[in-house]
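# Coordinate analysis (summary)
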Amino acid sequence: MAHIKLGGKDIETIGSLPQVGDSAPDFELTSEDLGTKKLSDYKGSRVVMNIFPSIDTNVCATSVRKFNEKATGLDNTKVLCISKDLPFAHKRFVSEEELRNVNNLSDFRTGEFGKKYGVEMTTGALKGLHSRAVVVLDEEGKVIHSQLVPEIGEEPDYLSALKTLL
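Position labels on residues start from 1 in each chain and follow its written sequence. Totals for whole chains, interfaces and linings use every residue, but because this is a predicted model, local features are given only for residues with pLDDT of at least 70 and side-chain atom pairs only at 80 or more, for both listing and counting. As a convention, hydrogens and water are excluded, and side-chain values are obtained from all of the structure's heavy atoms.

### Some points on the overall build of the protein chain
Scanning the protein chain from terminus to terminus reveals four helices and nine strands. Ordered by position in the sequence, the α and β elements of the protein chain form the string β-β-β-β-β-α-β-α-β-α-β-β-α. Here the globule rule reads 2.2 Å times residues to the power 0.38, and the radius of gyration is calculated from C-alpha atoms. The C-alpha atoms of the protein chain give 14 Å as radius of gyration, which agrees with the globular expectation for 166 residues (15 Å, within 12%). On the principal axes, the C-alpha backbone points of the protein chain span a range of 40 × 35 × 30 Å. Taken over 166 residues, the protein chain has a buried fraction of 49%. Any pair of residues with heavy atoms lying within 4.5 Å of one another is described as a contacting pair. Taking all contacts inside the protein chain whose residues are at least 6 apart in sequence as the whole, residues at least 24 apart take part in 66%. The secondary structure listing takes helices from DSSP runs of H or I that are at least 4 residues long and strands from runs of E that are at least 2 residues long, numbered from the N terminus. The cut-offs for exposure are 20% and 50% of the maximum accessible area for each residue type, with area from a 1.4 Å probe on protein chains only; residues under the lower value are buried, those over the upper are exposed, and the others partly exposed.

### What about the side chain of Asp85?
Position of Asp85 among the secondary structure elements: in the loop between strand 6 (77-83) and helix 2 (87-97). For the buried Asp85, no salt bridge is present, and the opposite-charge side chain at shortest range is Arg92, 6.7 Å distant. The term polar contact refers here to a pair of N or O atoms within 3.5 Å; inside protein, the definition further demands a hydrogen-donor-capable atom paired with an acceptor-capable atom, and it admits residues adjacent in sequence only when both atoms are side-chain atoms. From its side chain, Asp85 meets the backbone nitrogen of Ile55 in a polar contact 2.5 Å long. Of the polar contacts made by the side chain of Asp85, one reaches the side chain of Ser83; its length is 2.7 Å. Ignoring any residue separated from it by four or fewer positions in sequence, one finds Asp85 in contact with Phe52, Pro53, Ser54, Ile55, His90, Ser106 and Phe108. Note that His is not counted, nor are the chain ends; the positive residues are Lys and Arg, and the negative ones are Asp and Glu. Here, a salt bridge means any side-chain nitrogen of Lys or Arg that lies within 4 Å of a carboxyl oxygen of Asp or Glu.

### Notes on the sheet that holds strand 8 (residues 133-137)
Two strands qualify as a pair provided DSSP detects at least 2 bridges between them. Reading across from one edge, 4-3-7-6-5-8-9 is the order of the seven strands in this open sheet, with mixed pairing throughout. If you trace the sheet from one side to the other, it starts and ends with strand 4 (36-38) and strand 9 (143-148), each paired once. Within the sheet, the average angular offset between the axes of one strand and its neighbour, ignoring direction, is 30°. For strand 5 (residues 46-51) and strand 8, the ladder comprises five bridges, and the chain directions are antiparallel. If you follow Val48 over to strand 8, its bridge partner there is Val136. Helix 2 contacts strand 3 (28-31), strand 6 and strand 7 (103-106) of the sheet and is inclined by roughly 160° relative to strand 7. An axis is simply a line fitted to the C-alpha atoms; with a helix, the fit covers only the stretch in contact. Between two such axes, the angle follows the N-to-C directions and lies from 0 to 180 degrees.

### Quick look at the pairing of strand 7
Looking at chain direction, strand 3 and strand 7 are connected through two bridges and run antiparallel. By the bridge assignment, Ser31 is partnered in strand 7 with Leu105. In this fold, strand 6 hands off to helix 2, which returns the chain to strand 7; that crossover is right-handed. With its strands directed away from the observer, a crossover is right-handed exactly when the path from the first strand over the helix to the second travels clockwise.

### Regarding the environment of Lys5
Its place among the elements puts Lys5 in strand 1 (residues 3-6). The class for Lys5 is partly exposed, based on a relative accessible area of 33%. Other than its neighbours up to four places away in sequence, Lys5 contacts Asp10, Ile11, Pro150, Glu151 and Ile152. A polar contact of 2.4 Å, which involves the side chain of Lys5, links it to the side chain of Asp10.

Structure representation (C-alpha cells):
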C-alpha cells in the first residue's frame, strides 16, 4: 500500500502504482458511449493515464484541461483520463469544455482498475475513489513514467510526465 495525504491527513491506497520498466496491467474501463475499452485497444500508441478521484473537483478538472492542452502536438499519443465518475459526467465535462485530445474512461462498473493499478483509496473521506496519479506507457505498454501525487489536492507534475514522450 502507498501513503498519500488529503488536506494534510494520511490516506492509504490498496497497493502501489506500476513502476518504470513494468508492463502495465490490462484493464477494462467504460467509455463515454458506455462501450468497453481495454489497454490492448491502445497498443502501438503511447499512453498517458491521468488518474484522479472525480471530474467534478477543481484539481481533477484542471488536470484534464491541462493534459488536453499539452497532448496537442504529441505524436502517436493517447491521453486517458480515468476515474470512477459515471461516463455521463465525463461526457458532460468534455462537452462543456470543448476538449478534443483526451479519452475519458470510467472504472465505475468493477473498480478493478483502481485495484490493479494500486490507486484505490482504502481510508479517508474519499475511500473507494482513485488517488491522483499519472502513468505513461510506451507503444508496447511498458511504464516509462509513474507518479503517485503525494497530496490529493495538488496537481501532477505535467512536465515530468510529458518529457518522457519528447
